[in-house]
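# Inside the fold
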Amino acid sequence: MSTSQLYLLPILIFCFLATQTQAHITVGEVINRIQENVTCEWNEETVDNLKSGQLDQKVTGIATTFMATLEVLKKAKAQNINLIITHEPTFYNHFDDKKALENDPVQQAKLKFIEENNLAIFRFHDHMHRTQPDGIRIVIVKRLNWEKYQEGENMVFNLPAITVKKLAKKLEQEFGNKAVRVVGEAKMKVDKVGVVPGAYGSYAQIAMLNQEDVDVVIVGETREWETVEYVRDAVEGGFKKALIVMGHADSEEDGMEYCKDWLKTFVSEVPIQFVPAGNPLWSP
């Protein structure tokens, strides 16, 4: 063996050992760590489960996102990421039931991309809301800079007096969303605001609106024939009430960036990125 070969030998041995001992983690191990780090018991009946991929699949990278859209999946693949953790469904219904659209060309195209690129998709919804702190809720409070106005743990805020229109404009400007919608009197002054992000449904939204002295409730989304009509009748009946619909995506997406930072506290083997899906709604 020549001198140059002897010189290179330790380097080659080091490189070989490094590749043999390189840290890796599987999809199942990531899920197990999530289950170990939430502050609530893990329910068997939940939408929080694996939607595609295999538990023993080696993870090359993790993306957190509000919605695993086809665009998000393509961006993840481009970054050599094969595990996507999404807050909302991937297949167009709450339970990700693919049977209803099994012959639909849009769903088929999405499934084809997932399968061809060996992507694993895990939904993290129920337990993210149930763990403490709820990463979705605390982030929207920080985004609006309303911590000093908050009443304890409730999503109720005592703001300086502001008109409904100006409050809606503030949300529009903060989130860059031209599709904010309002029910109620534009010039009505409000100072006690309730926030119900996401799509908790009309009962939770109306209950928030009926908390003591709450003037206006900001929601992610609502059925137009439920909370919207309730508020319309409240206004007609002389009650000082208003509703601001800011969009589901804008009300919750920042929480999945928080989820990225949270995951990094107990998953260090692979890179973790936040890939925003964005708000799909726009106004002409």
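We now turn to the structure provided with this report. (Residues numbered from 1 in each chain as written. Predicted model: local features only at pLDDT ≥ 70, side-chain atom pairs only at ≥ 80, totals over all residues. Heavy atoms only, no water.)

So, about the nonpolar core. Nonpolar side chains in soluble globular proteins generally cluster together in the buried interior. Core analysis: the largest hydrophobic core is formed by 35 residues, its most contacted members being Ile 140, Trp 146, Leu 167, Ile 218 and Ile 244. Of all the secondary structure elements, the ones that give two or more residues to this core are helix H6 (135–144), strand E5 (156–163), helix H7 (164–175), strand E7 (189–196), helix H8 (202–209), strand E8 (216–219), helix H9 (227–236) and strand E9 (242–245). Setting aside residues up to four positions removed in sequence, Ile 140 forms contacts with Met 155, Phe 175, Val 195, Met 246 and Ser 251. Grouped together as the second largest cluster of nonpolar side chains are 27 residues, Val 27, Val 38, Trp 262 and Phe 274 included. (Core = buried A, V, L, I, M, F, W, Y, C linked by side-chain atoms within 4.5 Å. Buried < 20%, exposed > 50% of the residue type's maximum accessible area, 1.4 Å probe, protein only. Helix = DSSP H or I, 4+ residues; strand = E, 2+ residues; numbered from the N terminus. Contact = heavy atoms within 4.5 Å.)

Scanning the entire structure with this criterion turns up zero disulfides. With no disulfide of its own, Cys 40 lies 13 Å from the sulfur of Cys 259, the closest cysteine sulfur. On the basis of relative accessible area, Cys 259 is assigned to the buried category, the value being 1%. (Disulfide = S-S within 2.5 Å.)

Right, let's talk about the packing of aromatic side chains for a bit. Evaluated as defined, the whole model comprises three aromatic pairs. Where Phe 124 meets Trp 262, the ring centres are 5.7 Å apart and the plane angle is 10°; that geometry is what we call stacked. Of this pair, Phe 124 sits in the loop between strand E4 (120–123) and helix H5 (126–130) while Trp 262 sits in helix H11 (residues 254–263), placing them 138 residues apart in sequence. Each member of the pair, Phe 124 together with Trp 262, is buried. Ring centres of Trp 262 and Phe 266 lie 4.8 Å apart, and the angle between their planes is 85°; this geometry places the pair in the edge-to-face category. For the residue pair Trp 262 and Phe 266, the accessibility class agrees, reading buried in each case. Grouped by ring-pair contacts, the aromatic residues Phe 124, Trp 262 and Phe 266 constitute a single cluster. In this structure, Lys 98 packs its charged tip against the face of Phe 91, placed 4.9 Å from the ring centre. Stacked on the ring of Tyr 200, the Lys or Arg Arg 137 has its end atom at 5.3 Å from the ring centre. (Phe/Tyr/Trp six-rings, centres within 6.5 Å; stacked < 30°, edge-to-face > 60°. Lys NZ or Arg CZ within 6 Å of the ring centre and 35° of its normal.)

Turning our attention to unusual backbone geometry. Residues apart from glycine generally show negative phi values, whereas peptide bonds are mostly found in trans. Cis peptide bonds are those with omega within 30 degrees of zero, and the linkage from Gln 132 to Pro 133 qualifies with 0°. Tracing the chain through its elements places Pro 133 in the loop between H5 and H6. A positive phi is found at Asp 96, a non-glycine position, where the angle reads about 55°. As for its placement among the helices and strands, Asp 96 is situated in the loop between strand E3 (83–86) and helix H4 (105–116). When its relative accessible area of 6% is taken as the criterion, Asp 96 is described as buried.

Attention shifts here to the side chain of Ser 202. Topologically, Ser 202 is positioned in helix H8. For Ser 202, a relative accessible area of 10% gives the class buried. Excluding residues within four positions of it along the chain, Ser 202 makes contact with Glu 226 and Thr 227.

Another aspect to go through is the sheet that holds E5. Strand order in the open sheet formed by five strands is E5-E7-E8-E9-E6, with mixed pairing between adjacent strands. Of all the strands in the sheet, just E5 and strand E6 (181–183) have a single pairing partner and so form its edges. Across the sheet, the mean angle separating the axes of adjacent strands is 25° when strand polarity is ignored. Two strands pair when backbone bridges link them, and E7 and E8 are joined in this way by four bridges, in the parallel orientation. (Pairing = 2+ DSSP bridges. Axes fitted to C-alpha atoms, helices over the stretch in contact; angles between N-to-C directions.)

This part is about the pattern of salt bridges. In a structure, side chains of opposite charge can pair up when their charged atoms sit close to one another. Scanning the entire structure with this criterion turns up 16 salt bridges. Across the pair Arg 181 and Glu 224 runs a salt bridge whose closest N-O atoms are separated by 2.9 Å. Of the two residues, Arg 181 is situated in strand E6 and Glu 224 in the loop between E8 and H9; the sequence distance between them amounts to 43 residues. Residue Glu 224 is classed as partly exposed on the basis of its relative accessible area, which comes to 46%. Between Glu 226 and Arg 223 there is a salt bridge whose closest N-O contact spans 3.4 Å. A network of salt bridges, in which partner residues are shared, links Arg 143, Glu 174 and Asp 254. (Salt bridge = Lys/Arg side-chain N within 4 Å of Asp/Glu carboxyl O.)

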